[in-house]
Amino acid sequence: MNITDLHKKLYELQDLKYRDMQIKIIPNIDPESVIGVRTPELKAMAKEMLKAGDYMAFLGDLPHKYFEENQLHAFIISGIKDMDVCMEELEKFLPYVDNWATCDQMSPKIFKKHREILLIHIKKWITSGKTYSVRFGVGMLMEHFLDEDYDPKYPEMVAKLRSKEYYVNMMIAWYFATALAKQYESILPYIEGKQLDDWTHNKAIQKSVESRRITEEQKTYLKSLKVRKA
């Protein structure tokens, strides 16, 4: 499918009410770049392109014009079954990711089988200083390394991060809230010791308190650890 035909198909799937909602919840992207195509439609398109093997030209056409193209790109990468190809295309695409939605919805299934390779890249991403590469790296650490492959050195890596970027700090908070739900005893010292910046610390507690995976007793204690403004 050439780019002209792809754009035509995206506009055929346009939902203006959905477009308005997308513009509101992703405020840092250009409204003119948003067509308004729902996620299930984009995932279906990605699946079709992957099945047909008709996607490499599209992946090479960077930067994209529309937000939906970035979303489609993320879903295609998520479905690539060859680890080397997947990682190569991901590394090419990450510098062009400019919003939380595209960043967070990109989750290659093949990573589950290649965690050792993934970890090498995660360490590079989270120290890159690039907002959405850092966010993606922390997100992958949260998704793949909080269960059977958990190691106490991983939250230490995240706790050391410092950023002025809202979308980085929000992901760090999300990481620690999820980590508290899965590895409470190991993660609690980071909260007790206030090892995150104040905003991220409080946001992590807020997200933990909102979680159903945290007990009421734990929630009460976590609330007592919030940083109070002078």
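Heads up: the structure comes first, above all this text.
Conventions we followed
Residues numbered from 1 in each chain as written. Predicted model: local features only at pLDDT ≥ 70, side-chain atom pairs only at ≥ 80, totals over all residues. Heavy atoms only, no water. Helix = DSSP H or I, 4+ residues; strand = E, 2+ residues; numbered from the N terminus. Rg over C-alpha atoms; globule rule 2.2 N^0.38 Å. Contact = heavy atoms within 4.5 Å. Disulfide = S-S within 2.5 Å. Phe/Tyr/Trp six-rings, centres within 6.5 Å; stacked < 30°, edge-to-face > 60°. Buried < 20%, exposed > 50% of the residue type's maximum accessible area, 1.4 Å probe, protein only. Expected span 1.5 Å × (residues − 1). Patch = residues over 30% accessible without salt bridge, like charges linked within 9 Å, V, L, I, M, F, W, Y side chains within 5 Å. Areas by Shrake-Rupley, 256 points an atom, 1.4 Å probe, with all protein chains shown as cover. Salt bridge = Lys/Arg side-chain N within 4 Å of Asp/Glu carboxyl O. Lys, Arg positive; Asp, Glu negative; His and termini not counted. Charge placed at Lys NZ, Arg CZ, Asp CG, Glu CD. Core = buried A, V, L, I, M, F, W, Y, C linked by side-chain atoms within 4.5 Å. Axes fitted to C-alpha atoms, helices over the stretch in contact; angles between N-to-C directions. Parallel < 35°, antiparallel > 145°, perpendicular 65-115°, else oblique. Nonpolar A, V, L, I, M, F, W, Y, C, P; charged D, E, K, R; others polar.

A. Main features of the overall build of the protein chain. Within the protein chain, the regular secondary structure consists of 14 helices and zero strands. Secondary structure elements in the protein chain, listed N-terminal to C-terminal, are α-α-α-α-α-α-α-α-α-α-α-α-α-α. A globule of 230 residues ought to have a C-alpha radius of gyration of about 17 Å, and the protein chain, at 19 Å, matches this closely. Dimensions of the protein chain along its principal axes, counting C-alpha atoms only, are 55 × 40 × 30 Å. Put simply, 68% of the contacts in the protein chain that link residues at least 6 apart link residues at least 24 apart.

B. Here's a closer look at the state of the cysteines. What the rule picks out here adds up to zero disulfides. With no disulfide of its own, Cys86 lies 14 Å from the sulfur of Cys103, the closest cysteine sulfur.

C. Looking closely at unusual backbone geometry. For the bond running from Leu62 to Pro63, omega is -5 degrees, close enough to zero to count as cis. For Pro63, the position within the fold is in the loop between α4 (56–59) and α5 (67–79). In this structure, Lys194 takes a positive phi of about 50 degrees despite not being glycine.

D. Region of interest: the packing of aromatic side chains. Within the structure shown, the criterion is met by eight aromatic pairs. With a centroid separation of 5.2 Å and 80 degrees between ring planes, the pair formed by Tyr175 and Phe176 is classed as edge-to-face. A relative accessible area of 0% places Phe176 in the buried class. Ring pairing ties together the aromatic residues Tyr132, Tyr166, Tyr167 and Trp199, which thus form one cluster.

E. Geometry of helix α11 (residues 166–182). Taking 1.5 Å per residue as the helical rise, α11 with its 17 residues ought to reach 24 Å, and the 24 Å between its terminal C-alpha atoms agrees with that figure. The buried fraction of α11 is high, at 13 of 17 residues.

F. Seen up close, a positive patch on the surface. Side chains of Lys43, Lys47, Lys51, Lys109 and Lys112 sit close together on the surface and give a patch of like positive charge. Note that Lys109 resides in the loop between α7 (100–104) and α8 (115–126). The exposure class assigned to Lys109 is exposed, which follows from its relative accessible area of 62%.

G. Up close: the nonpolar core. Core analysis: the largest hydrophobic core is formed by 70 residues, its most contacted members being Phe111, Tyr175 and Phe176. No other element matches the nine residues that α11 contributes to this core. For Tyr175, the residues in contact, after removing those within four places along its chain, are Val138, Leu141, Met142, Leu146, Tyr154, Pro155 and Val158. By size, the runner-up hydrophobic cluster in this structure holds five residues, among which are Ile26, Val34, Phe67 and Ala101.

H. Representation of the packing of helix α9 (residues 131–144) against α11 in the model. Look at α9 against α11: their axes get within 9 Å of each other, and the N-to-C directions meet at 5 degrees. It follows from the interaxial angle that α9 and α11 lie roughly parallel. Residues Thr131, Tyr132, Val134, Arg135, Val138, Gly139, Leu141 and Met142 of α9 lie in contact with α11, whose contacting residues are Tyr167, Val168, Met170, Met171, Ile172, Trp174, Tyr175 and Thr178. When the residues that make up the contact of α9 with α11 are grouped by side-chain class, the tally is 12 nonpolar, three polar and one charged.

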